[in-house]
Every structure is written in C-alpha cells, then in structure tokens.
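Chains, contacts and geometry: an overview
Listed below, chain by chain, are the residues.
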Amino acid sequence: FLEVSYNDALQPMVDVNVGGQWLKLVFDASSGNTIVFVEEFKACEPSGFEPCYSYKEAEANHTLKVCEENNNMEIECNTQASSHYDCSSLLKSLADAKPHPDALIIDGLEYDQKSVEGVED
C-alpha cells in the first residue's frame, strides 16, 4: 500500500526512494516522470529543507545518469514512446548539462522550471 499525506497546498504527497535518497514527492498519476528539486541549485526552500534531492550525493553513489540530449537544443524534450530523447549517451555530470525551460502543472498550479533529463538507479 502507498501511504499518502497532504502538504499545505493540499497536494497528495508520497515517500519515494530516488537513488537511495528518500524524498517526499507530489503524487501525480498523469505521467510516469519523476520531478525532483535539487538542493545544490537552491530549489528547496527553506534552505536545508529535508528531504531534498542532492545530485552530488547521487553522483558520489554513481546512481545518477544525465542524458547527453540535454545539450542538443534541436531535440525537444519528450519522454513519449516516439521520443528522440532516449538517454542512451550520458554526460559525466549534471553540471555538464544545459537546462531547458519547462513548466510543471500539478493540480492546477503551474511551476516554471529549468529541467535536465536523467535516469536514477
């Protein structure tokens, strides 16, 4: 069973293990994608917010794989079956990736973001 709690915005939250890091994520069944907020890019407020994803911890544990397609601005980020964004070639680090503008809509709230595509073990 999946235990669900609710944040102050009444969004459903679940505990998920991403590459060995336990995170409380908004439960969104509209896609199979997982969006994490990265501590090193100051995406977690307040500072020191727990749990917050650390890409440096993921790289130290060798669980994070960053897609080379992030650096090809001619390829649209798309994770559907017909995607040209297959993440078969990898960058050495998240720091080597060029983020692309994106928006995330959860329960009617739109979050503007800069995204980098990757895979976690």
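Higher on the page you've got the structure.
My aim in this report is to walk through the structure given alongside it, one point at a time.

By size, the foremost hydrophobic cluster in this structure holds 12 residues: Val 18, Leu 23, Leu 25, Val 38, Tyr 53, Tyr 55, Ala 58, Leu 64, Val 66, Leu 91, Leu 94 and Ala 97. Those elements that place two or more of their residues in this core are strand 3 (21–26), helix 1 (55–60) and strand 4 (64–67). If near-sequence neighbours (up to four positions away) are discounted, Leu 25 is found in contact with Pro 12, Met 13, Val 14, Val 16, Val 18, Thr 34, Ile 35 and Val 36.

Right, let's get into the environment of Asn 72. The topology assignment puts Asn 72 in the loop between strand 4 and strand 5 (90–91). As a C-alpha pair, Asn 72 and Lys 98 span 26 residues in sequence and 8.6 Å in three-dimensional space. Within polar-contact distance, the side chain of Asn 72 engages the backbone nitrogen of Glu 74 at 3.0 Å.

Ordered by their spatial adjacency, 3 strands build an open sheet running 1-2-3, and the pairing between neighbours is antiparallel. The outermost strands of the open sheet, each flanked by one partner alone, are strand 1 (5–6) and strand 3. Pairing of strand 2 (residues 12–18) with strand 3 involves 6 bridges; the strand directions are antiparallel. Across the sheet, residue Met 13 finds its bridge partner in strand 3, namely Val 26.

Reading the values: the criteria
- Residues numbered from 1 in each chain as written.
- Predicted model: local features only at pLDDT ≥ 70, side-chain atom pairs only at ≥ 80, totals over all residues.
- Heavy atoms only, no water.
- Core = buried A, V, L, I, M, F, W, Y, C linked by side-chain atoms within 4.5 Å.
- Buried < 20%, exposed > 50% of the residue type's maximum accessible area, 1.4 Å probe, protein only.
- Helix = DSSP H or I, 4+ residues; strand = E, 2+ residues; numbered from the N terminus.
- Contact = heavy atoms within 4.5 Å.
- Polar contact = N/O pair within 3.5 Å; in protein donor to acceptor, adjacent residues only side chain to side chain.
- Pairing = 2+ DSSP bridges.

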